[in-house]
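# Coordinate inspection notes
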Amino acid sequence: MAIDDPVQPAQEAQADTEAGPAPAAGERGTTWSALRPLVLRVHFYAGLLIAPLLLIAATSGLLYALSFQAEKFLYSHELETAVGERPLPLGDQLAAARAAHPKGTVTAVWPSAEDGATTRVLMTTPEVEEGKSLAVFVDPYTAEVRGELTSYGSSGALPLRTWLDGLHRDLHLGDLGRHYGELAASWLWVVALGGLFLWLGRRRAAKRDLVVPERGAEGRRRTLSRHGTLGTVAVLGLVLLSATGLTWSRYAGENIGAVQDQLGGATPVVSAALAGGGGDGGGEHEGHGGHGGAGSPEGTAGTDIGIDNALAAARQAGIGGKLSVILPSEGSGYVVKETDTQFPVHLDSVAVDPADGLVIDELRFADYPLLAQLTRFGIDAHTGVLLGLVNQLALAALASSLILLIVWGYRMWWLRRPTKERRLSGGRPVPRGAWRKAPVTALLPLAALTALVGWFVPLLGISLLAFLAVDLLLGAVARFRARTARTGT
């Protein structure tokens, strides 16, 4: 996010030289040449004022991307075990977890998906805060409980990743902190695309200079070259991070969800409701209600085939690989879901009647609406699970790139800051009034688009109005000082 601000009249010629050759005479009347100062001005304000929030988001996002591999090392005792001769029935493993935590309510079971991996039994207990689960890790070969950890979300994030996720999402400040994340995501795509247009609009000797830093450049020009080329390479990933990040936001996320529903792109959910029962579907809720023996719910009428038979029925229906088994509650059956989010994803699910083991509903990922599939891909890519380690390394690279872009942006601002003023100053952006030179045919659509985007992404619109108010106030102060200097009063 180049903070490209001529700050002193005597420095403007030097600044233009560092920024690249001026447009040719025939290009001065183009729409872009008229809009460029406006884009540059917005880029300056956003880079100067929003960049600290982006820096926090990028740093916490980098740590989050690295946490997947860190968890495997940090929690290896809970996640791994020696390979035995044959796994015990899942019901026996579930009984061992219940015996270790008799006051807990089992909500779901994640059977061991590979040799040497433990089974994870998710519980709600009085000691675990709402929205999280106690994950009990059971050796599938001996039914030994190897440990317990707090788990969060359908991805099963453990304490390290959960803490870093909270830091990235809301700085552990709750609803107030969510505004930081939404503000950063709202501006990231604006700053990234604005910087791209500014970089593409420069004249250069060779096209390779777009993506290769200029050789032999020094000082601010070298920093600008590195900033521009890295931004060009990373811009697509940054825009996608911004778009997918907004889906979790409070205000813009509600608008995105409403549009998705209107377009028929809501994510479908398998129905686990039994005939004559009041149960709901088996969505993202990891089960409800109390449970008695190894897979049988307390207080439900009729017999229960048990978790092993329910799992066998699901496998016969084509459900396999990494699984989550949600136990039945009053009026609902078992829900067995595939949880392999690595591309190509395996996210099919079925509901099984606990009385007779018949499949009462099934949902294939291939039957999801296209928009729901794309939303799932985007969210999983943002959270680093779509392509596994490759995805996590890509996120780390994007976060590192954003950190470098911000640091280089501030360095350019520092190198061109006012040096003769003793008072604290942020420097002056592109002179005001440049937008008046743009043709009305460009300004009117741009204003309408800005208003629409500002309404759809509220924190972007509010902050943009705040920038405009501050800019107008500073302009009024500057004019007052100029008049005072002329009159000598």
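The rules behind these values
Residues numbered from 1 in each chain as written. Predicted model: local features only at pLDDT ≥ 70, side-chain atom pairs only at ≥ 80, totals over all residues. Heavy atoms only, no water. Patch = residues over 30% accessible without salt bridge, like charges linked within 9 Å, V, L, I, M, F, W, Y side chains within 5 Å. Areas by Shrake-Rupley, 256 points an atom, 1.4 Å probe, with all protein chains shown as cover. Salt bridge = Lys/Arg side-chain N within 4 Å of Asp/Glu carboxyl O. Helix = DSSP H or I, 4+ residues; strand = E, 2+ residues; numbered from the N terminus. Axes fitted to C-alpha atoms, helices over the stretch in contact; angles between N-to-C directions. Parallel < 35°, antiparallel > 145°, perpendicular 65-115°, else oblique. Left-handed = near helix turned anticlockwise from the far one by under 90°. Contact = heavy atoms within 4.5 Å. Nonpolar A, V, L, I, M, F, W, Y, C, P; charged D, E, K, R; others polar. Phe/Tyr/Trp six-rings, centres within 6.5 Å; stacked < 30°, edge-to-face > 60°. Buried < 20%, exposed > 50% of the residue type's maximum accessible area, 1.4 Å probe, protein only.

On the surface, Val259, Leu263 and Leu371 cluster together to form a nonpolar patch covering roughly 250 Å² of accessible area. Within the fold, Val259 resides in helix H9 (residues 251-262).

Contact geometry for helix H2 (residues 31-49) and helix H13 (residues 440-456): axes closest at 10 Å, N-to-C directions at 45°. Taken as axis vectors, H2 and H13 run oblique relative to one another. When the axes of H2 and H13 are compared, the crossing they make is right-handed. In contact with Thr31, Leu35 and Leu38 of H2, H13 contributes Ala442, Leu443 and Leu446. Among the residues forming the contact of H2 with H13, the class breakdown is five nonpolar, one polar and no charged.

In this section: the side chain of Glu71. Its location among the elements puts Glu71 in helix H3 (residues 51-74). Discounting residues that sit within four places of it in the chain, Glu71 has contacts with Ser76, Leu79, Ala157, Leu158, Pro159, Leu160 and Arg161.

Let us look at the packing of aromatic side chains. For the coordinates displayed, the defined rule picks out 10 aromatic pairs. Ring centres of Tyr45 and Phe467 lie 6.2 Å apart, and the angle between their planes is 25°; this geometry places the pair in the stacked category. Here Phe467 lies in helix H14 (residues 458-487) and Tyr45 lies in helix H2, a separation of 422 residues in the sequence. Take Phe467: its relative accessible area is 13%, and that puts it in the buried class. Taken together, a centroid distance of 5.8 Å and an interplanar angle of 70° make the contact between Phe343 and Phe377 edge-to-face. Of this pair, Phe343 sits in the loop between strand E6 (334-338) and strand E7 (349-352) while Phe377 sits in helix H11 (residues 370-382), and the two are 34 residues apart along the sequence. Under the relative-accessibility criterion, Phe343 is labelled exposed at 52%. Cluster of aromatic residues (ring-pair linked, three or more members): Phe44, Tyr45, Trp187 and Phe467.

Quick look at the pattern of salt bridges now. Taken as a whole and judged by the stated rule, the model has eight salt bridges. A salt bridge links Arg169 to Asp170; its shortest N-O distance comes to 3.8 Å. Judged by relative accessible area, which is 35%, Arg169 ranks as partly exposed. In this structure, Glu362 engages Arg364 in a salt bridge whose closest nitrogen and oxygen atoms are separated by 3.6 Å. Judged by relative accessible area, which is 44%, Glu362 ranks as partly exposed.

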